[in-house]
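# Coordinates in review
So you can see what is in the structure, the chains are spelled out below.
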Amino acid sequence: MRRSLAKKILTTGLILLTVLFPVALAGCGKGGNNTNSVSTSDNSNAGKTENNTDSGNKEAGATEAASTEEVTKPDKITIMVDGTLLDKASGQDAFVARFKEITGVELVIIQPDHNTYSDQVALAFTSDSVPDALILSNQLYTAYATQGALWDMSEAWNNSAAKASGQMKEANIEALKIDGSLYGFAPASGNGCITYVRQDWLDNLGLSVPTTYDQYIEMLRAFTEDDPDGNGKKDTYGVTAAGIIGPEIPYTNYLPEFWQSAYPDFYQKADGTWVDGFRETANTDALGRLKDAYSKGYIDMEVATNTTSACRDKFYAGNTGVFTYWAGKWNMTLEQNVQSTYPDAKLTALPPIAELGNYIERQPPVWAITSASKNPEGVFKYLIESMVDGGDGQMLWTYGVEGVHYEKDASGTYKQLPDPEVPDNTFLSAHIDPVLTTRQWEDPLYSIRDERVKTSAELFQANSKIAPLIVPTETMSAYMATLLDARSIIVSKVVTGDMSVEDGIAQYEKEQGALSDSIVAELNSK
């Protein structure tokens, strides 16, 4: 029986990894300094709660006493993690030792190469070494949950000290439920992309920050035609992006002002019915806007083939004045790199224009407890809840170990220390991005955080909505890659001029309409 389930899980995992969601976990790097490190969400209130850290610990401890009466403390917890947790070179051994001090539990970490992580997870489920808990992308989370490989933590969450604290951003947890049950927990929000604009270019041209699409397009026109950098050359263009349509959910995050309300994938409408957004009028209109702007030279001519690193280089070089990228610490990083060439350059994080309404927050990676765990209640209490306890545990999972990753002087002032692996860089976080936590707490390092990071993250959190969570159907698992490829090809041909919008939509209907209908029917039959 177990072998059969394992084979089924492996098959599901490998399909999802190699075909359906090829880049599900791409883009992450080493813990603390990665682009997409596990994030938490409500930085808007970080450091603003009334409790200080010490009192927060006492409160957490009191609540813990009431909530652990029937939970057996495990001697050891084995976890499988990707590169979003600090590695050994950055002080993982000290992290493990501190975890033992706080919880009394030995933490065993399995950390395969980040780029092969999903494959290693799939292989683990076929062996006798399934970990107690592991990190999963949201796509793999839904797949493994529906295969019965993950423990239903709904009751544990409902009875948890974290929930009882009243400090959790529960909408982020509720968004992870599958058919009403919770199989994964996000200590951080998924974060998302926000549009950065060269403020010095706006100032040079006498333009205001755009608030509507017409103003946005006028800005792109001026950045392309009116010599925004004042060098006397026509050598700039409006906006660059790493693709016209993204390869994974939420798909529209790199050119959101053009996509606006269009969502070119399956989604559930307010009345509960599922549709294929690629076949809706909103998608047709978005393609028209993109095609028009591209034909006028406002969009990078290499947009269809750009990588994110290529876009960053173009932005740093002053080729373009608009770039939509991750909210939070990337605001600081982008501006610093632009200023290395143009010292007077300034970036402005753009509130969503009126027609866009909200940026899209991606579904976060989650922590899940496997069905193979012998003490899942204990794992939830002593592992997962430690990440959002508002005290010592959250400090550890966020900033690492005192004396190794940060220090506090006699006056109580905190200072982050150099990364043990890369001493030229400051160690930023052990696992949880501090600007994105789902548990409000008094962050003792909030006051020293760069204002650009805080402003960008808070603007995004106040103006974003969470991308839909889709549980793949049988047909989706088998053929979604076909649909994604077809959409990407059509979008590229339409926008770059090889095909009209009408012909592109007609081709999709002719070649993929029946497949789309089948998937919609399956989704609506659940």
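First things first, this report covers the structure right here in the doc. Nothing here was measured: the structure is a model prediction, and the numbers come from that model.

### Some thoughts on the environment of glutamate 474
Along the chain, the position of glutamate 474 falls in helix α18 (residues 474–496). Accessibility expressed as a relative area gives 72% for glutamate 474, which makes it exposed. Distance from glutamate 474 to glutamate 522, taken between C-alpha atoms, is 8.3 Å for residues 48 residues apart in sequence.

### Some thoughts on the environment of valine 130
By the element assignment, valine 130 lies in the loop between α4 (117–124) and β4 (133–136). As for valine 130 and threonine 78, which are separated by 52 residues in sequence, their C-alpha atoms are 8.7 Å apart.

### Points about the pairing of strand β2 (residues 76–80)
The element β2 is extensively covered by neighbouring structure, given that four of its five residues are classed as buried. Remark: the β2/helix α3 (residues 92–103)/strand β3 (residues 106–110) crossover connection has right-handed handedness. Across two bridges, β2 lies against β4 in parallel orientation. Directly across from isoleucine 79, in β4, lies its bridge partner alanine 133.

### Side note on the packing of aromatic side chains
Aromatic rings considered in pairs are described by the distance between their centres and by the relative angle of their planes. Using the criterion set out here, one finds 18 aromatic pairs in the structure. Aromatic side chains phenylalanine 99 and tryptophan 397 sit 6.2 Å apart centroid to centroid with 85° between the ring planes, which places their arrangement in the edge-to-face category. Of the two residues, phenylalanine 99 sits in helix α3 while tryptophan 397 sits in helix α16 (residues 392–399), which places them 298 residues apart along the sequence. Tryptophan 397 shares its class with phenylalanine 99; the two are buried. Pairing tyrosine 251 with tyrosine 263 gives two aromatic rings, centres 6.2 Å apart and planes at 65°, and the pair type is edge-to-face. Residue tyrosine 251 is located in the loop between β6 (237–240) and α11 (256–259), and its partner tyrosine 263 is located in the loop between α11 and β7 (266–268); the two are separated by 12 residues in the primary sequence. You'll find tyrosine 251 and tyrosine 263 in the same group, each marked buried. Members of the aromatic cluster, each reached through a chain of ring pairs, are Phe95, Phe99, Trp367 and Trp397. Its guanidinium or amino end placed over the ring of tyrosine 342, arginine 198 lies 5.2 Å from that ring's centre, counting from NZ or CZ.

### Brief notes about empty space enclosed by the protein
According to the stated counting rule, one finds two cavities of 30 Å³ or more in the structure shown. Here the second largest cavity defines a volume of roughly 50 Å³. In terms of lining, the second largest cavity is formed by Cys193, Thr252, Asn253, Pro256, Leu356, Asn358, Tyr359 and Ile360. Classifying every residue of the lining of the second largest cavity gives five nonpolar, three polar and no charged.

What counts and how
- Residues numbered from 1 in each chain as written.
- Predicted model: local features only at pLDDT ≥ 70, side-chain atom pairs only at ≥ 80, totals over all residues.
- Heavy atoms only, no water.
- Helix = DSSP H or I, 4+ residues; strand = E, 2+ residues; numbered from the N terminus.
- Buried < 20%, exposed > 50% of the residue type's maximum accessible area, 1.4 Å probe, protein only.
- Right-handed = clockwise from strand over helix to strand, strands pointing away.
- Pairing = 2+ DSSP bridges.
- Phe/Tyr/Trp six-rings, centres within 6.5 Å; stacked < 30°, edge-to-face > 60°.
- Lys NZ or Arg CZ within 6 Å of the ring centre and 35° of its normal.
- 1 Å grid on protein atoms, 1.4 Å probe; cavity = no way out; pocket = protein on both sides within 12 Å on 5 of 7 lines; lining within 4 Å.
- Points joined across faces, edges and corners; volume = space filled by probe spheres on them.
- Nonpolar A, V, L, I, M, F, W, Y, C, P; charged D, E, K, R; others polar.

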